[in-house]
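Structure at a glance
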Amino acid sequence: MTVAHAQTDQRSELAFSGGRAGAGPATWGQQAIWDVVRSLGTDAARYNVSGGLPLPAAVPMDRVEGAVRDLVLLHESLRTRLRTADAGRLDQVVHAAGGIPVLTRAADPDTVEATAYALRDELLAVPFDAEREWPLRVGVVRVGAGARYVVFFLSHTASDGWGLRNLLADFAALLHGPLPARDLLQPLEEAAFQVSDRGRRRDAAARRSWLDKLGRGPARQFPARPPAATFPNAVLNSPALGLALDRVAATLSVSPAAVVLAAAAASAARLTGVGEAVFQVVVNNRFLPGMAGGVTTIAQEGLFHLTGTGGGDFPDLVRRTFGAALSAQRHAYYDKLALDRDVAALDGACDHSCFVNDQRGLMPALNFAAPAPAPLREALARTTLTWPVEHEPRRGVSFALDAQDAPGALELAMTADSAILPRSDMSTFLYTIEDLIVRAAS
């Protein structure tokens, strides 16, 4: 934190009480994220979840505090801590009372947005201790006596991106008064479903689907190279891609995520000559009653497998990708610890070290403007490729690709093992995705 900000910051705790308390086994989503985050070391904050809400007019601080308090009481994940149990398993503990950390920063009317973005960057880089800390922090940008921007920071064990979107919608509504009663499936109830007969059958079916695909995919998707210890991060910022993606999806009657997935599969095939893609794709699993509006971490990876990615007509590949993605989504709700044991016992599992996550519309949700309409050729001239940071090595990852919103653009953020994908290949991979989608929209 800079000295200038230190003079305008106020730190406090927002007390809450009156909620339900309880304890039980962790959900599959909580367990899966915990296992990933604890292996990342100093890189753990990369899995934090954050989103903000600009306020068109100053809102009294007591109204903001009341809305946050109501939010914490409504969604039990926001006052849940985790604790280790036996055999690598976790328990979740829901607390009835506590205090949520709040950082309030003063700003001038013309610096509200810049201050909110700076606050987000600072607090998003602070990891959570899911055993000892509350999984929520709040940042408030204040002008005079009123709030003009509120930013939420969550541990990924408490919420995924879809949950974040629900949180922002509920907070905006709570600023104007109580919400109507509705059924929400809280994490304790979700965990109870998962150990029920129905939940166990769903888990078993999902793991069977995974093992079947893992037995059919290619042994390697990228050639082996001498070991390296760096995982560079590349970010392709493309206004043209932001304009083209929805156009292609609408023309082909598929989801934008399927278009990105198809382009990634085709780009990998062009780079390696392996005409078969196996990606772990992050899937929103909000299908049970009461799940849709919850602030929880439910999304898990589905296993996407598609052959014939190395040539032919791109629109046809997109349509086939859409069908294969639906299959992956159907079997993306499972006990990750049990799946890991199954995979470890599998003789000759295929390469499943590539990850794709379409985060558009979810994070960072900081009111980014959409790309301004422009001819695609003109927009292409504004594409940039940057290399912001190098991450610590990640076991079992060849690359992780995120599609995410950016001011006036769509960004493809890619982290890769440089022993498998050197920087030149990462650059080719990202520019080929852009080229395939923009050409399809032209």
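As a starting point, this report considers the structure included with it. Bear in mind that the values here come from a model prediction, so they are computed numbers and not experimental data.

Before going further, it helps to spend a moment on the packing of helix α9 (residues 256-272) against helix α10 (residues 314-330). Direction vectors running N to C along α9 and α10 enclose 115°, while the axes themselves pass 8 Å from each other. Between α9 and α10, the interaxial angle falls into the category roughly perpendicular. In the crossing of α9 with α10, the sense of the turn from one axis to the other is right-handed. Two secondary-structure elements touch here, α9 through Ala-258, Val-259, Leu-261, Ala-262, Ala-263 and Ala-266 and α10 through Phe-314, Leu-317, Val-318, Thr-321, Phe-322 and Ala-325. Tallied by class, the residues present in the contact of α9 with α10 amount to 11 nonpolar, one polar and no charged.

Let us now look at the state of the cysteines. Counting across every chain of the model gives zero disulfides. No disulfide involves Cys-354; its sulfur sits 10 Å from the nearest other cysteine sulfur, which is in Cys-350. Residue classification places Cys-354 among the buried residues on the basis of a relative accessible area of 0%.

One pass over the full model with this rule turns up 23 salt bridges. As a salt-bridge pair, Asp-35 and Arg-38 come within 3.5 Å of each other at their nearest N and O atoms. Among the residues examined, Arg-38 registers a relative accessible area of 56% and is labelled exposed. Where salt bridges share partners, they join Asp-9, Arg-105 and Glu-122 into one cluster.

Sheet architecture is open: three strands sit in the order β2-β5-β4, paired in antiparallel fashion. The open sheet is flanked by β2 (22-25) and β4 (80-84), the only strands paired with a single partner. Recorded for the sheet is a direction-independent mean angle of 25° between the axes of neighbouring strands. By the bridge criterion, five bridges tie β4 to strand β5 (residues 90-94) in an arrangement that is antiparallel. What sits directly across from Leu-82, in β5, is Gln-92.

In space, the five strands of this open sheet follow the order β1-β6-β7-β8-β3, with mixed pairing throughout. Looking along the sheet, the strands with just one partner apiece sit at the ends: β1 (9-16) and β3 (49-60). Here the strands of the sheet are splayed against their neighbours by 25° on average, with no regard to which way each runs. Sheet topology places strand β6 (residues 98-106) next to strand β7 (residues 136-143); five bridges connect them, and they run parallel. What sits directly across from Thr-104, in β7, is Val-140. Contacts between helix α4 (residues 112-124) and the sheet are confined to β3, β6, β7 and β8 (146-154), with β8 contributing the most and set at about 25° to the helix. Lying on the sheet, helix α5 (residues 161-174) is in contact with β3 and β8; it crosses β3 at an angle near 15°.

What follows deals with the environment of Pro-315. Here Pro-315 is to be found in helix α10. Taking the C-alpha atoms as reference points, Pro-315 and Phe-193, 122 residues apart in sequence, are found 40 Å from one another.

Attention shifts here to the packing of aromatic side chains. Counted according to the given criterion, the structure contains 11 aromatic pairs. On the basis of an interplanar angle of 75° and a centroid distance of 5.0 Å, the ring pair of Phe-152 and Phe-171 is categorised as edge-to-face. Of the two residues, Phe-152 is situated in strand β8 and Phe-171 in helix α5; the sequence distance between them amounts to 19 residues. Taking the relative accessible area as the measure of exposure, Phe-152 reaches 0% and is therefore buried. Between Phe-399 and Phe-429, the ring centres sit 5.1 Å apart and the planes meet at 50°, which makes this aromatic pair tilted. Here the residue Phe-399 occupies a position in strand β14 (residues 399-406), and Phe-429 occupies one in helix α13 (residues 423-441), the gap between them amounting to 30 residues. Under the relative-accessibility criterion, Phe-399 is labelled buried at 0%. In this structure, Arg-81 packs its charged tip against the face of Trp-134, placed 3.9 Å from the ring centre.

A few words on α5. For α5, with 14 residues, the first-to-last C-alpha span of 20 Å sits near the 20 Å given by 1.5 Å per residue. Of all 14 residues that make up α5, 10 are buried, and the element is covered over most of its length. What α5 keeps buried is the set Gly-161, Trp-162, Gly-163, Leu-164, Asn-166, Leu-167, Leu-168, Asp-170, Phe-171 and Leu-174. Looking at the buried residues of α5, the elements they touch are β3, α3 (61-74), β8 and β10 (276-283). For α5, the N-terminal capping position is held by Asp-160, with its side-chain oxygen 3.2 Å away from the main-chain nitrogen of Trp-162.

Thresholds, definitions, all that
- Residues numbered from 1 in each chain as written.
- Predicted model: local features only at pLDDT ≥ 70, side-chain atom pairs only at ≥ 80, totals over all residues.
- Heavy atoms only, no water.
- Axes fitted to C-alpha atoms, helices over the stretch in contact; angles between N-to-C directions.
- Helix = DSSP H or I, 4+ residues; strand = E, 2+ residues; numbered from the N terminus.
- Parallel < 35°, antiparallel > 145°, perpendicular 65-115°, else oblique.
- Left-handed = near helix turned anticlockwise from the far one by under 90°.
- Contact = heavy atoms within 4.5 Å.
- Nonpolar A, V, L, I, M, F, W, Y, C, P; charged D, E, K, R; others polar.
- Disulfide = S-S within 2.5 Å.
- Buried < 20%, exposed > 50% of the residue type's maximum accessible area, 1.4 Å probe, protein only.
- Salt bridge = Lys/Arg side-chain N within 4 Å of Asp/Glu carboxyl O.
- Pairing = 2+ DSSP bridges.
- Phe/Tyr/Trp six-rings, centres within 6.5 Å; stacked < 30°, edge-to-face > 60°.
- Lys NZ or Arg CZ within 6 Å of the ring centre and 35° of its normal.
- Expected span 1.5 Å × (residues − 1).
- Polar contact = N/O pair within 3.5 Å; in protein donor to acceptor, adjacent residues only side chain to side chain.

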